[in-house]
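Analysis of the macromolecular model
In case you want the letters, here they are:
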Amino acid sequence: MFNNWEDLIAECSKCQKCDLCKTRNNVVVGVGNKNADVMFIGEGPGENEDLQGEPFVGRGGQLLDKMLTAVDLDRKKNIYIANIVKCRPPQNRDPKPEEQEMCIDWLRNQTKLISPKIIVCLGRIAAARIIKSDIKITKEHGIFFERNGIFMMAMLHPAAVLRDPRKRPEAFDDFLKLREKINEICPDTYKM
Ligand code: URA
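In what follows, the accompanying structure is described. Computed from a predicted structure; not experimentally measured.

Focus on the nonpolar core
Counting residues in each nonpolar core, the largest one holds 55 residues, and the members touching the most others are Phe40, Ile130 and Leu178. The leading source of residues in this core is strand 6 (residues 150–155), at six residues. Discounting residues that sit within four places of it in the chain, Leu178 has contacts with Val38, Phe40, Leu73, Ile118, Val120, Phe144, Met153 and Met155.

Structure (structure tokens):
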């Protein structure tokens, strides 16, 4: 465990704990306000993220930013965004359990340093890893689970919403629920 961001980022950026390091262009550590109370966790970088070194910068990321803006959240201001795995799985396949296992300590370390009050998991892979392994994302997105004083919620993955635009209203509904929870437990988020 590193107790400062400088060391954490430096070490994570040269990680070779799994084979994903062989095909990556960039390690995608995370982006946002390191003092945020709200943390978003995705599954892993795609092509654009791998090229730019930042999470959620492709089409899915643009949709995410739009929904965030609608509830006064902003990756440059009041949230932090990271992924379960920091390097792109080839052909955008799901990260393998062993890759997740090798990578998860980086996320644990990030979470420890940020100490978020709310964690939002984007998509099934992140929700299964962080909230509960048997989560049914279609039924259980938008529901808060509390563990050790941290409120956790799964949302539909932006890529899934892009694939099926009929999911937009229910996806957006979850952002409204998130805003409510922020106003309840960490309203200072809106002063950052
Ligand atoms: N999908 C994810 O889960 N994370 C990213 O950073 C980009 C796309």
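After that view, the rundown keeps rolling.
Side note on the pairing of strand 4 (residues 118–122)
Summarising burial for strand 4: five of the five residues are buried, a large majority. Side-chain alternation along strand 4 places Ile118, Val120 and Leu122 on one buried face and Ile119 and Cys121 on a second face that is also buried. Two elements, strand 4 and strand 6, share five bridges in a ladder whose sense is parallel. The residue of strand 6 that forms the bridge with Cys121 is Ala154.

Overview of the site of the ligand
Around the ligand lies a shell formed by Gly42, Glu43, Gly44, Glu49, Pro55, Phe56, Asn83 and His157. Separating an oxygen atom of the ligand from a backbone N or O atom of Phe56 is a distance of 3.0 Å. In this structure, His157 approaches the ligand through a side-chain N or O atom, which is 2.9 Å from an oxygen atom. A total of 240 Å² of accessible area belongs to the ligand in isolation, and the protein chains cover 89% of it. Looking at the shell around the ligand residue by residue, the classes come out as two nonpolar, four polar and two charged.

What to know about unusual backbone geometry
Unlike most non-glycine residues, Gln91 shows phi in positive territory, near 55°. Within the fold, Gln91 resides in the loop between strand 3 (80–83) and helix 5 (97–114). Its relative accessible area of 72% is what places Gln91 among the exposed residues. At Asn92, a position not held by glycine, the phi torsion is positive, near 60°. Taking relative accessible area as the criterion, Asn92 reaches 44% and is therefore assigned partly exposed.

Rules of the game
Every chain begins its residue count from 1, and numbering advances along the sequence as written. With pLDDT at 70 or above as the cut-off, local features in this predicted model cover only qualifying residues; side-chain atom pairs require 80 or more to be listed or tallied, and sums for whole chains, interfaces and linings still use all residues. Only hydrogens and water are set aside when side-chain values are computed; all heavy atoms of the structure are taken into account. Residues belong to a common nonpolar core when they are buried Ala, Val, Leu, Ile, Met, Phe, Trp, Tyr or Cys residues joined through side-chain atoms within 4.5 Å. Under the scheme applied here, a residue whose accessible area is under 20% of the maximum for its type counts as buried, over 50% as exposed, and between as partly exposed, the area being computed with a 1.4 Å probe on protein chains only. Here a helix means four or more residues in a row that DSSP labels H or I, a strand means two or more in a row labelled E, and each is numbered from the N terminus. The contact rule is simple, with two residues in contact once any of their heavy atoms fall within 4.5 Å. Paired strands, in this sense, are two strands between which DSSP finds at least two bridges. A single heavy atom is enough: if one lies within 4 Å of a molecule or strand, its residue is considered near that molecule or strand. N or O atoms closer than or at 3.5 Å make up a polar contact, with two conditions inside protein: a donor-capable atom paired with an acceptor-capable one, and, for residues adjacent in sequence, both atoms drawn from side chains. All accessibility values rest on the Shrake-Rupley procedure with a 1.4 Å probe; residue burial counts only the protein chains present in the view. Note on residue classes: Ala, Val, Leu, Ile, Met, Phe, Trp, Tyr, Cys and Pro are nonpolar, Asp, Glu, Lys and Arg are charged, and everything else, Gly too, is polar.

What is shown is where atoms sit, not what they do.
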